[in-house]
Amino acid sequence: MDDLSQLLQKTMRRRHLTPQAIADKTGIRTPRIRAFAEDGAEGPIRPTDEELVELAGALALPAIKEAARPPAAATSP
């Protein structure tokens, strides 16, 4: 699955949205939207669960929360 930055970039490009437009829809500050789009969820600025819910709702992306989480480490029994 794509990570958060790729998912945001693709969606923004496809829907012709700017970080400011997403910020207006979600209430998340524009610099944070830019940071998520550039660095993803593993960058220095990490999205909160509430921000992920806001982004998913505003962009109609149900899988955004999963994209922002690192993959679970494989464990051996």
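Look a little higher up for the structure.
So, here is what we can say about the structure in this document. Just so it is clear, the structure is predicted and the values come from calculations on it, not from any experiment. (Residues numbered from 1 in each chain as written. Predicted model: local features only at pLDDT ≥ 70, side-chain atom pairs only at ≥ 80, totals over all residues. Heavy atoms only, no water.)

1. Let's talk about the overall build of the protein chain
Here's step 1: Counting secondary structure elements, the protein chain contains five helices and zero strands.
Here's step 2: Listed by position from the N terminus, the elements making up the protein chain come as α-α-α-α-α.
Here's step 3: Taking all 77 residues of the protein chain together, the buried fraction comes to 39%.
Here's step 4: Of all intrachain contacts in the protein chain linking residues separated by at least 6 positions in sequence, the fraction that spans at least 24 positions is 57%.
Here's step 5: Accessible surface for the protein chain amounts to roughly 4,900 Å². Of this, 54% is attributable to carbon and sulfur atoms. (Helix = DSSP H or I, 4+ residues; strand = E, 2+ residues; numbered from the N terminus. Buried < 20%, exposed > 50% of the residue type's maximum accessible area, 1.4 Å probe, protein only. Contact = heavy atoms within 4.5 Å. Areas by Shrake-Rupley, 256 points an atom, 1.4 Å probe, with all protein chains shown as cover.)

2. What to know about the nonpolar core
Here's step 1: Formed by 16 residues in total, the largest nonpolar core has its most connected members in Leu4, Leu8, Ile22, Ile33, Phe36, Leu55 and Leu59.
Here's step 2: Take this core: its biggest share by element is four residues, from helix H1 (residues 4-15). (Core = buried A, V, L, I, M, F, W, Y, C linked by side-chain atoms within 4.5 Å.)

3. Details of the packing of helix H2 (residues 19-26) against helix H3 (residues 30-39)
Here's step 1: Two numbers describe how H2 lies on H3: the axes approach to 8 Å, and their chain directions differ by 120 degrees. Considering the angle they form, H2 stands oblique to H3. Judged by the twist between their axes, the crossing of H2 over H3 is right-handed. For the pair formed by H2 and H3, the contact residues are Pro19, Gln20, Ile22, Ala23 and Thr26 on the first element and Thr30, Ile33 and Arg34 on the second. (Axes fitted to C-alpha atoms, helices over the stretch in contact; angles between N-to-C directions. Parallel < 35°, antiparallel > 145°, perpendicular 65-115°, else oblique. Left-handed = near helix turned anticlockwise from the far one by under 90°.)

4. Some thoughts on the packing of H2 against helix H4 (residues 49-59)
Here's step 1: Relative to each other, H2 and H4 sit at 105 degrees, their axes nearing to 9 Å. Considering the angle they form, H2 stands roughly perpendicular to H4. Packed against H2, whose contacting residues are Ile22, Lys25 and Thr26, the element H4 presents Glu54, Leu55, Ala58 and Leu59 at the interface.
Here's step 2: Looking at the contact of H2 with H4 residue by residue, the class counts come to four nonpolar, one polar and two charged. (Nonpolar A, V, L, I, M, F, W, Y, C, P; charged D, E, K, R; others polar.)

5. A look at the pattern of salt bridges
Here's step 1: This structure, assessed with the given rule, holds two salt bridges.
Here's step 2: As a salt-bridge pair, arginine 32 and glutamate 51 come within 2.6 Å of each other at their nearest N and O atoms. Of this pair, arginine 32 sits in helix H3 while glutamate 51 sits in helix H4, placing them 19 residues apart in sequence.
Here's step 3: Among the residues examined, arginine 32 registers a relative accessible area of 23% and is labelled partly exposed.
Here's step 4: Across the pair glutamate 42 and arginine 46 runs a salt bridge, and its minimum N-O distance is 3.2 Å. (Salt bridge = Lys/Arg side-chain N within 4 Å of Asp/Glu carboxyl O.)

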